[in-house]
Amino acid sequence: MKVAVVGSTGMVGQVMLKVLEERNFPITELIPVASEKSIGKKVKYKQEEYTIVSINDAIAAKPEIAIFSAGGSTSLEFAPKFAEAGITVIDNSSAWRMDPDKKLVVPEINADVLTAGDKIIANPNCSTIQLVMVLGPLNKKYDLKRVVVSTYQSVTGTGKAAVDQLNAEINGDGSIAKVYPYQIFKNALPHCDVFADDDYTKEEIKLMKEPKKILGDDTFNLTATAVRVPVQGGHSESVNIEFENEFELEEVRKILSETPGVVVIDDVKNNQYPMPIHSEGKDEVFVGRIRRDLSQPKTLNLWIVADNLRKGAATNAVQIAEYLVANNLV
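Residues numbered from 1 in each chain as written. Predicted model: local features only at pLDDT ≥ 70, side-chain atom pairs only at ≥ 80, totals over all residues. Heavy atoms only, no water.

1. Here we look at the UniProt feature "binding site: phosphate" (unreviewed entry) in the chain
Here comes step 1: Here the UniProt feature "binding site: phosphate" (unreviewed entry) sits at Arg-97.
Here comes step 2: Within the secondary structure layout, Arg-97 lies in the loop between strand E6 (88-91) and strand E7 (103-104).
Here comes step 3: On the accessibility criterion, Arg-97 (4% relative accessible area) is buried.
Here comes step 4: Only 3.0 Å separates the side chain of Arg-97 from the backbone oxygen of Asn-92, close enough to count as a polar contact. (UniProt positions renumbered as here; feature names shortened; annotations may be inferred. Helix = DSSP H or I, 4+ residues; strand = E, 2+ residues; numbered from the N terminus. Buried < 20%, exposed > 50% of the residue type's maximum accessible area, 1.4 Å probe, protein only. Polar contact = N/O pair within 3.5 Å; in protein donor to acceptor, adjacent residues only side chain to side chain.)

Put into structure tokens, the structure is as follows:
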């Protein structure tokens, strides 16, 4: 099993290598790919050093799977070339997510849509993944009517330069170039990604569109506000969910506790609730503050936290690859 990791020197690419190693994915040959300036450099995987190659050399090497985390323009240009060579691409960018001919997959929720013919598979947005891990099982039981989500997103979601900006500001260093239009330290920016014509950000639009595709259900409404906060790693979401059907809180907790990949931390009497600091370095999605919305019937409030570089990106992509291998789809 030859596997190419495109964008192997980036923040998500590095976590991708770590997750592949931790989960002991059956790789016989790793093909790390990065930009021109990194070709010839080395990356470490399972105590061995591998030489970074160009993207065209990676296609020529004919891996079974290529996991992309190199940005949308790279994916748009090169994912079809890999696919034409018979290589299955799992793409972490937004390039293919809403393409009607491409599957958008969170394995615990909808891996069963995958077939051997799917040569470009989209990995959802980080905030979407943790959201649908909770919405999926609850939709099956109670039928979603409307979802309102507000996110509290860490700077690793923007990338290394954003982490550098936060740390520089913490240390009082004004020499680092700003990634954000304002300081992020001691601040919160209601501005994740760029603004579209309707005054929503691209991040908010992803959150409003992607869950419907993943759940295969466009009968419910969803609105979002995405906020960048001065947290290094781990995204949090405050979610208000209105159902068509009535629910019991204990049954909600039971359903979520029994959902693979979801951990319920919900004991407010002992100050037990999910926080980004819990999620760092973990693959699970954590949910708590589960309570009834007292302002209207059939409505639930809860709080969801996950490591955006792992389950929100790298781990989900590797889980897709694991499913493909386990089901002989590559």
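2. Details of the environment of Phe-185
Here comes step 1: Summarising the element assignment, Phe-185 is placed in the loop between helix H6 (160-170) and helix H7 (202-215).
Here comes step 2: In this structure Phe-185 comes out as partly exposed when scored by relative accessible area, which is 25%.
Here comes step 3: In the structure, Phe-185 is positioned 17 residues away from Ala-168 in sequence and 9.1 Å away in space, judged by C-alpha atoms.

3. Things to note about the UniProt feature "domain: Semialdehyde dehydrogenase NAD-binding" (unreviewed entry) in the chain
Here comes step 1: What UniProt calls "domain: Semialdehyde dehydrogenase NAD-binding" (unreviewed entry) maps, in this numbering, to residues 2-117.
Here comes step 2: Along residues 2-117 one finds 30% helix and 24% strand; the C-alpha atoms at either end are 19 Å apart.

4. Here's the deal with the domain arrangement of the chain
Here comes step 1: The assigned domain composition of the chain is domain 1 (2-123 + 313-327) and domain 2 (127-306).
Here comes step 2: The distance between the C-alpha centroids of domain 1 and domain 2 comes to 25 Å.
Here comes step 3: Taken together, the 17 residues of domain 1 in the interface contact 18 residues of domain 2.
Here comes step 4: Counting the surface lost from both domain 1 and domain 2, the interface buries some 1,400 Å², and carbon and sulfur atoms represent 70% of this.
Here comes step 5: Along the contact surface separating domain 1 from domain 2 lie two salt bridges.
Here comes step 6: The tally of links from domain 1 across to domain 2 stands at six residue pairs in polar contact (both at pLDDT 80 or more).
Here comes step 7: Elements supplying a minimum of two residues to the side of domain 1 that touches domain 2: helix H4 (107-110) and helix H10 (310-326).
Here comes step 8: Of the residues in the side of domain 1 that touches domain 2, the class split is eight nonpolar, four polar and five charged. (Domains from an automatic or database assignment. Contact = heavy atoms within 4.5 Å. Buried area = accessible area lost by both parts, 1.4 Å probe. Salt bridge = Lys/Arg side-chain N within 4 Å of Asp/Glu carboxyl O. Nonpolar A, V, L, I, M, F, W, Y, C, P; charged D, E, K, R; others polar.)

5. A word on the layout of surface pockets
Here comes step 1: Empty space within the largest pocket amounts to approximately 1,000 Å³.
Here comes step 2: As for the largest pocket, its lining consists of 45 residues, of which Ser-69, Ala-70, Gly-71, Gly-72 and Ser-93 are closest to the centre.
Here comes step 3: Looking at the lining of the largest pocket, its residues break down into 14 nonpolar, 23 polar and eight charged.
Here comes step 4: Built from parts of two domains, the lining of the largest pocket gets at least three residues from each of domain 1 (2-123 + 313-327) and domain 2 (127-306). (1 Å grid on protein atoms, 1.4 Å probe; cavity = no way out; pocket = protein on both sides within 12 Å on 5 of 7 lines; lining within 4 Å. Points joined across faces, edges and corners; volume = space filled by probe spheres on them.)

6. Some thoughts on the packing of aromatic side chains
Here comes step 1: For the coordinates displayed, the defined rule picks out six aromatic pairs.
Here comes step 2: When the ring of Phe-68 is compared with that of Phe-82, the centres are 5.2 Å apart and the planes differ by 85°; the resulting orientation is edge-to-face. Separated by 14 residues along the polypeptide, Phe-68 in strand E5 (residues 65-68) and Phe-82 in helix H3 (residues 72-84) bring together distant segments of the chain. The exposure classification of Phe-68 matches that of Phe-82, with both residues buried.
Here comes step 3: Through successive ring pairs, a cluster of aromatic residues spans Tyr-142, Phe-243 and Phe-247.
Here comes step 4: The cationic tip of Lys-212 hangs over the ring face of Phe-220; the distance from NZ or CZ to the ring centre is 5.9 Å.
Here comes step 5: Positioned over the ring face of Phe-247 is Arg-292, at 4.2 Å from the centre of the ring. (Phe/Tyr/Trp six-rings, centres within 6.5 Å; stacked < 30°, edge-to-face > 60°. Lys NZ or Arg CZ within 6 Å of the ring centre and 35° of its normal.)

7. Some details on the pattern of salt bridges
Here comes step 1: Scanning the model with the defined rule gives 18 salt bridges in all.
Here comes step 2: In this structure, Asp-283 and Arg-23 form a salt bridge, with 3.7 Å as the shortest nitrogen-oxygen distance. Here Arg-23 lies in the loop between helix H1 (11-22) and strand E2 (29-33) and Asp-283 lies in the loop between helix H9 (276-279) and strand E13 (285-292), a separation of 260 residues in the sequence.
Here comes step 3: Given the relative accessible area of 30%, Arg-23 is considered partly exposed.

8. Overview of the sheet that holds strand E12 (residues 262-264)
In any sheet, the strands associate via hydrogen bonds between backbone groups, in a parallel or an antiparallel arrangement.
Here comes step 1: Strands sit in the order E10-E9-E11-E14-E13-E12 across an open sheet of six strands; the sheet is mixed. Either end of the sheet is taken by a strand with one partner, and the two such strands are strand E10 (221-228) and E12. Within the sheet, the average angular offset between the axes of one strand and its neighbour, ignoring direction, is 20°.
Here comes step 2: The sheet contact formed by E12 and E13 spans three bridges and is parallel. Note that in E13 the partner of Val-263 across the bridge is Phe-286.
Here comes step 3: Each of strand E9 (144-153), E10, strand E11 (235-243), E12, E13 and strand E14 (299-306) is contacted by helix H5 (residues 126-142), which is oriented at about 25° to E11, the strand it contacts most.
Here comes step 4: The sheet contacts of H7 involve E9, E10 and E11, and relative to E10 the element is tilted by about 135°. (Pairing = 2+ DSSP bridges. Axes fitted to C-alpha atoms, helices over the stretch in contact; angles between N-to-C directions.)

9. Focus on the pairing of E13
Here comes step 1: In this structure, E13 lies alongside E14, joined through six bridges in antiparallel fashion. From the neighbouring strand, Val-287 faces E14, where its bridge partner is Ile-304.
Here comes step 2: Between E13 and E14, which follow one another and run antiparallel, lie six residues, and Lys-298 among them has a positive phi close to 55°.

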